[in-house]
Structure formats: C-alpha cells, structure tokens
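# A closer look at the structure
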Amino acid sequence: MSAIAAIATPDAPGGISVIRISGEDALKIASLIFKGAGDKSPEEMEGYTCAYGYVTDGDERIDDAVLTVFRAPKSYTGENCAEISCHGGRYITKKILRLILKKGAVLAGPGEFTKRAFLNGKMSLTQAEAVMDVISSSGERELRYANAVREGAVFRRINAIKEKIIKILGDLAAWADFPEEDIPEVSPEALGKELDEVLTLFRKTAETYDYGRILREGINTVIAGKPNVGKSTLMNCLSGFQRSIVTDIAGTTRDVVEESVKLGDITLRLSDTAGIRETEDVIESIGVDIAYKKIDEAELILAVFDNTVPLEKKDYELIDYIRDRKTIAVINKSDGKTLVNKEYIKENFKHVVEISALNDSGINELKDCLEDMFLKEETEADAGIIANERQMECLESAMQNAKEAKYALENGELLDAITVLLDSAASKLMELTGESASETVINNVFSRFCVGK
C-alpha cells in the first residue's frame, strides 16, 4: 500500500506537533526530508529508535525535529512508520506535512492508520473501535472499560460464543456426513441443552450494552416539576454556572434548556423544562406540552418538589404520570421549613433525595443515588462490554438466529434447518469481530475516526 501521512496531534498551537507516515515507502520519504545529526538516514535506522535533526526542503532548513522509526511488523499499523516531532505551530506543522505529500505520500483519511492496523492483523475490529472510545473517554471508569475492549475483552467474549456454535455445527456435520463412521448421534436433548447454554451467553453479553452506552453517551435526563420548585436552580447547580434563568416569577422557563453534566462517573444529558401548571399564556402552554414530551422520551426523570410548599394538584398529577418511570424524587429547599408531604413522595418513588440546590447541599447524595441506580450491577471490565450500536446489531441478529434454531429443534424441524440458522449466527458474530466484515462495514467504522489516528 502507498505511504500515507497526517498530523496526529490537534490542529492547534502547542509545544510540539507529531506528523505520522506509514507504508512501505515511509522511511524512504522520511529520508528525503530529514537530515539527522548522526550518520544514519531514516532508512538505515533500527526500529524503536529516535534521531535529532532537521526537516529540510533542498537547501532550506524548515525546523528542528526528532524522528522516530518503527519497522514492520512491530509498529501500530504493522507497516514501516516514521513520526516527526516538530515545533507545534500550525503553519510549520502543515508546511512539513505538505512537504511529505510532495515527496510521494498520500494524505490519510479518517482512521486510516488504525484501519491499516486492522487490515494487517494487529487488532480485531472491536479493538479498533475501542481506540476512539479511549480517546473520547471523559472519566476513569469509562477509560477502564475502553482499554479492556482495546485489549481484546469483547473479542474474547464473542469468540467464546462463536466457538460453542462452531462445535455444535461440527457435531451436526460429522453425524450427517459420515453416517457409516462410529460417530454418536446428536440427540435433540443434548442439542437443546447446548443451545440453551449459547442463548444464556448471548443474553448476558447483550445485557452489557446499556451499561456501556450509559458510560459512553450518558443518560437522557429531564428535570420536571411545577414552576418555582427550583428546577432551573438545580440545573445551574449541576452545570456549575448559570445555564437557566432563575427568578421568582412563575413561568420563567418556557423552552427546553439543555446541558451535559458529569456527576461522579455518570454523564447526565439534562433538559430543564417549563414548569408544569395550567396557564393562559400560549407560549408557556407550548412549553408545558414540550415538557411532557421530554418526560415521555427521558431515560431518567428528576422530579423536583418544593419542601416549603404543600403538595398541590399538579404535583399529584405529575406523580401519577411518572410513578412507574425511572425517577429520582428531588425534594428541594431542604434548608427551609418542611410543609411538603414527604411520606407520600416516598410511598410513590423508590429513590428520594433531599437537597438545597441554592446552597449545593445534597448533591453528593444525588450522585450516590444515580450510581446505585445505574452502576450498581457493574460488569467486570475484563469481561468485555458491547461498545456500540453496530456491535449490538450484530449480536442481536446472531442471538435471533440462535433462538430460531432452538424453536426449530423444539418443533421437530430437520437438522439441516438448524444448521443453516446456526451458520448464520456464527457469520454475524464474525462480522461483529471483523473476521468476515464487508468492506462497507469496515469503511463505515473508520469513517468516524479522527484524521491521524
């Protein structure tokens, strides 16, 4: 493959920039532009070595630089690689990149270095996908799970399911194709037991998806309640700045105000909605309708009640509307005189937290409550979690094939039909790991990467 090149560091001024070259001619191209202080050219350097020198274009010295050489197959991409560390100015970095391209390299596309690593057998497709998860991690727990996937945890988990299916397929094929040999018959009872084991592994693996999605994407959360109970104050408290306008005037919030906030290891994608009440104001009425729509779409509701005011009609209506949804009842203004019916709230909601959003008190209790709700059933990182929608789609398709195989067995279908279904399940698992993924799937995966990675 032709040599590719790209800037591997952010497009912003910094102490240094790194320009990466990979491909059969990578070291040859590096030799055309880099003059080391020693006697060896980049083509003569050993792998995992560095040299100080200068980037030059003919007689023009462009910049001081350090060149690092990685030789195939012991490099990130599995190809010959050179990395030039130069001063971190945007102009100088792009000038060096243009020089590299002039000497024969091709500008790398998004994720093309990692794509070559995958194509050269340096990593599975699930490991490659985890590279961007590592880069985008925003917390310790998220990073730990992304690193586990990058080190092969998901591949090993999926491969274990695939191997069980392949064993069943092997037993079925041997018994069907070599009846004259002394091969034990595959009994429906034994086959059913093996399929149950496979389906159990499928279910346990699928259950990790929501956990991974929460870590990666956060929780779609709506703050709901009557006007003036402290919804916007809570929004500002969690955001760390004035994101919503706060006044004593009922109906101040009319549209939805959105913000992502990190609370412990959980990201909340917050929506502060209009206060729920009867109103003659047309615009505010639309805001109330939108609030109910947001409640219907939310994965989590923070239902806010005012500790200093008795429950009213709209409070009871809201409680009736959301009592069966995943909700944390937030009793705000806990530092004031208690007039609200706390017992009624606790009777209707499993999770109740008392806070003073104005004084930032009770927020740790809210964090603990969130972790209890969403992170309590934590999956071991080394066991691997399904990391994205593509992986989940492949897993669900394979699991459906296995379910249909079990159904076919229970209904007396021919073993040939069961074989076809299990073969489809194994193929979907191989697509998940990248062992048999189409070029379209592979290109789609790497199109979401940044250039230079």
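Anyway, here's the lowdown on the structure attached to this text. Quick caveat: nothing in here was measured; it's all calculated off a predicted structure. (Residues numbered from 1 in each chain as written. Predicted model: local features only at pLDDT ≥ 70, side-chain atom pairs only at ≥ 80, totals over all residues. Heavy atoms only, no water.)

### Overview of the packing of aromatic side chains
- Throughout the structure, instances matching the rule amount to five aromatic pairs.
- Here F118 and F446 contribute two aromatic rings whose centre-to-centre distance is 6.2 Å and whose plane-to-plane angle is 40°, an arrangement assigned as tilted. Highlighted residues: F118 in helix α3 (residues 112–119) and F446 in helix α16 (residues 439–446), separated in sequence by 328 residues. Considered together, F118 and F446 belong to a single accessibility category, that of buried residues.
- Ring geometry for F305 versus F349: centroids 6.4 Å apart, planes at 40°, classification tilted. (Phe/Tyr/Trp six-rings, centres within 6.5 Å; stacked < 30°, edge-to-face > 60°. Helix = DSSP H or I, 4+ residues; strand = E, 2+ residues; numbered from the N terminus. Buried < 20%, exposed > 50% of the residue type's maximum accessible area, 1.4 Å probe, protein only.)

### Quick notes on the pairing of strand β13 (residues 351–354)
- Only one face of β13 is covered, namely the one carrying H351 and V353; the face carrying V352 and E354 has none of its residues buried.
- The pairing of strand β12 (residues 327–332) with β13 spans four bridges and is parallel. Looking at the pairing, I328 lines up with H351 of β13.
- Each parallel crossover has a hand, and for β12 linked through helix α12 (residues 342–348) to β13 it is right-handed. (Pairing = 2+ DSSP bridges. Right-handed = clockwise from strand over helix to strand, strands pointing away.)

### A closer look at a negative patch on the surface
- A surface patch of like charges, here negative, comprises E24, D25, D39, E43 and E44.
- Counting through the fold element by element, D39 comes out in the loop between β3 (34–36) and β4 (49–57).
- What makes D39 exposed here is its relative accessible area of 81%. (Patch = residues over 30% accessible without salt bridge, like charges linked within 9 Å, V, L, I, M, F, W, Y side chains within 5 Å. Areas by Shrake-Rupley, 256 points an atom, 1.4 Å probe, with all protein chains shown as cover. Salt bridge = Lys/Arg side-chain N within 4 Å of Asp/Glu carboxyl O. Lys, Arg positive; Asp, Glu negative; His and termini not counted. Charge placed at Lys NZ, Arg CZ, Asp CG, Glu CD.)

### Observations concerning the side chain of S22
- Following the sequence through the fold, S22 ends up in strand β2 (residues 14–22).
- In this structure the side chain of S22 is engaged in a polar contact, spanning 2.6 Å, whose partner is the side chain of E79.
- Residues contacting S22, with those up to four places away along its chain left out, are S2, A3, I4, T77, E79, N80, C81, F113 and R116. (Polar contact = N/O pair within 3.5 Å; in protein donor to acceptor, adjacent residues only side chain to side chain. Contact = heavy atoms within 4.5 Å.)

### Regarding the pattern of salt bridges
- Inspection of the entire model under this criterion finds 26 salt bridges.
- In this structure, the salt-bridge partner of K428 is E431, at a minimum N-O distance of 3.4 Å. Of the two residues, K428 and E431 both sit in helix α15 (residues 415–433), three residues apart, roughly one turn of that helix.
- Taken together, the shared-partner salt bridges connect D210, R213, R269 and E299 into one network.

### Quick word on the nonpolar core
- Residues L234, L238, L268, L300, L302, I328 and L370 are the most contacted members of the largest nonpolar core, which totals 35 residues.
- No other element matches helix α13 (residues 363–374), which puts six residues into this core.
- Setting aside chain neighbours within four positions, we find I328 in contact with L300, I301, L302, A303, H351, V353, L366, C369, L370 and M373.
- I165, L172, L199 and A206 belong to the second largest nonpolar core, which has 33 residues in total. (Core = buried A, V, L, I, M, F, W, Y, C linked by side-chain atoms within 4.5 Å.)

### Structural notes on the environment of L97
- Mapped onto the elements of the fold, L97 is located in helix α2 (residues 90–102).
- Separated by 91 residues in sequence, L97 and A6 have C-alpha atoms that sit 6.9 Å apart.
- Once you skip the residues sitting within four places of it in the chain, L97 turns out to touch A5, A6, I7, I19 and L107.

### Description of helix α9 (residues 231–239)
- The element α9 is extensively covered by neighbouring structure, given that nine of its nine residues are classed as buried.
- Those residues of α9 not exposed but buried are K231, S232, T233, L234, M235, N236, C237, L238 and S239.

### Quick word on the side chain of T68
- With respect to the secondary-structure elements, T68 resides in strand β5 (residues 60–70).
- Of the residues examined, T68 reaches a relative accessible area of 14% and is grouped as buried.
- Sequence-distant contacts of T68, defined by excluding residues within four places in its chain, comprise T49, C50, C81, A82 and E83.

### Let's talk about the sheet that holds β3
- Taking strand neighbours across the sheet as the criterion, the seven strands line up as β3-β4-β5-β6-β2-β1-β7 in an open arrangement whose pairing is mixed. The sheet is open, and its two edges are formed by β3 and β7 (106–107), each paired on a single side.
- When β4 meets β5, the two strands line up antiparallel, connected through nine bridges. Paired with G53 across the strands is A65, a residue of β5.
- On the sheet, helix α1 (residues 26–33) packs against β2, β3, β4, β5 and β6 (81–88) and is oriented at approximately 75° with respect to β3.
- On the sheet, α3 packs against β1 (4–7), β2 and β7 and is oriented at approximately 135° with respect to β1. (Axes fitted to C-alpha atoms, helices over the stretch in contact; angles between N-to-C directions.)

### A closer look at the pairing of β1
- The alternating pattern of β1 places I4 and A6 and A5 and I7 on opposite faces, both of which are buried.
- The pairing of β1 with β2 spans four bridges and is antiparallel. In the sheet register, A5 faces β2, and the bridge partner there is I21.
- Connecting β1 to the next strand, β2, in antiparallel fashion are six residues.

### Overview of the packing of helix α4 (residues 125–136) against α16
- Put simply, α4 and α16 touch, their axes get as near as 10 Å, and they point 20° apart. Comparing their axes, α16 and α4 come out roughly parallel. Here α4 runs over α16; the crossing is left-handed. Of the residues in α16, those touching α4 at L125, A128 and E129 are V441, V445 and F446.
- Residue composition of the contact of α4 with α16, by class: five nonpolar, no polar and one charged. (Parallel < 35°, antiparallel > 145°, perpendicular 65-115°, else oblique. Left-handed = near helix turned anticlockwise from the far one by under 90°. Nonpolar A, V, L, I, M, F, W, Y, C, P; charged D, E, K, R; others polar.)

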